[in-house]
Amino acid sequence: MNSGYHRMWLLVEGADDRRFCTVVLCPTFRIHYDHVSIWEYSQQKRSKLAALVQNIGSMSDDYLLICDMDAWPCVTETKEAVASGVLGLSWDRVAVVRREIEASVRSSTFTTYGASSPMRLES
């Protein structure tokens, strides 16, 4: 990574994914990026998501779109379906979350490495 300001965008479906990213992913990304932004896309039009992806690219920022494996049988089909539905979205920038991870988010308990007890999130 060269010098200058670097931002990571985490594009998430909804509030559960936002909580997961805030607790689990953001601390790691903050080591490598000056700023981490989380944006919920589930209630947005696909065109707005496509515009955001294009703007992120024009700013030379990085992004990761995080999605569930809701209707598709495997990770590959999920990535292909999501990437094909959003103009400019790169297939390799799509991360598919397993159902087991979602379940831990919904229970609002995460076990973190180095912590003496599980963290509890307040909704």
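For the structure, check the block above.
The model shown is predicted, which means the values in this text are computed figures rather than measured ones.

Asker: Explanation requested: the pairing of strand β1 (residues 7-12) in the structure shown.
Answerer: The side chains of a regular strand alternate between both faces of the sheet. Summarising burial for β1: 5 of the 6 residues are buried, a large majority. Here β1 pairs with strand β2 (residues 35-40) via 6 bridges, running parallel. Note that in β2 the partner of tryptophan 9 across the bridge is serine 37. Taken together, β1, helix α1 (residues 15-32) and β2 form a β-α-β motif whose crossover is right-handed. In this structure, β1 lies alongside strand β3 (residues 62-68), joined through 4 bridges in parallel fashion. By the bridge assignment for β3, leucine 11 is matched with leucine 65.

Asker: Honestly, the packing of aromatic side chains in this entry has me stumped. Any pointers?
Answerer: Aromatic ring pairs: the centre-centre distance and the angle between the two ring planes describe each pair. On inspection of all chains with the given rule, the structure shows 1 aromatic pair. The side chain of lysine 79 reaches across the aromatic face of tryptophan 91, ending 4.4 Å from its centre. Between arginine 93 and the ring centre of tyrosine 63, over which it is positioned, the NZ or CZ distance is 5.9 Å.

Asker: What is the right way to look at the sheet that holds β3 in this model?
Answerer: Hydrogen bonds along the backbone pair up the strands of a sheet, which may run parallel or antiparallel. Read across the open sheet, the 4 strands follow the order β2-β1-β3-β4; overall the sheet is parallel. Only two strands of the sheet have a single partner each, and these edge strands are β2 and β4 (94-97). Shown here is a sheet whose adjacent strand axes are inclined to one another by a mean of 25 degrees, direction ignored. Of the strands in this sheet, β1, β2 and β3 are in contact with α1, which crosses β2 at around 165 degrees. On top of the sheet, helix α2 (residues 46-58) reaches β1, β2 and β3; it is set at about 165 degrees to β1, its chief contact.

Procedures and definitions
Residues numbered from 1 in each chain as written. Predicted model: local features only at pLDDT ≥ 70, side-chain atom pairs only at ≥ 80, totals over all residues. Heavy atoms only, no water. Buried < 20%, exposed > 50% of the residue type's maximum accessible area, 1.4 Å probe, protein only. Helix = DSSP H or I, 4+ residues; strand = E, 2+ residues; numbered from the N terminus. Pairing = 2+ DSSP bridges. Right-handed = clockwise from strand over helix to strand, strands pointing away. Phe/Tyr/Trp six-rings, centres within 6.5 Å; stacked < 30°, edge-to-face > 60°. Lys NZ or Arg CZ within 6 Å of the ring centre and 35° of its normal. Axes fitted to C-alpha atoms, helices over the stretch in contact; angles between N-to-C directions. Contact = heavy atoms within 4.5 Å.

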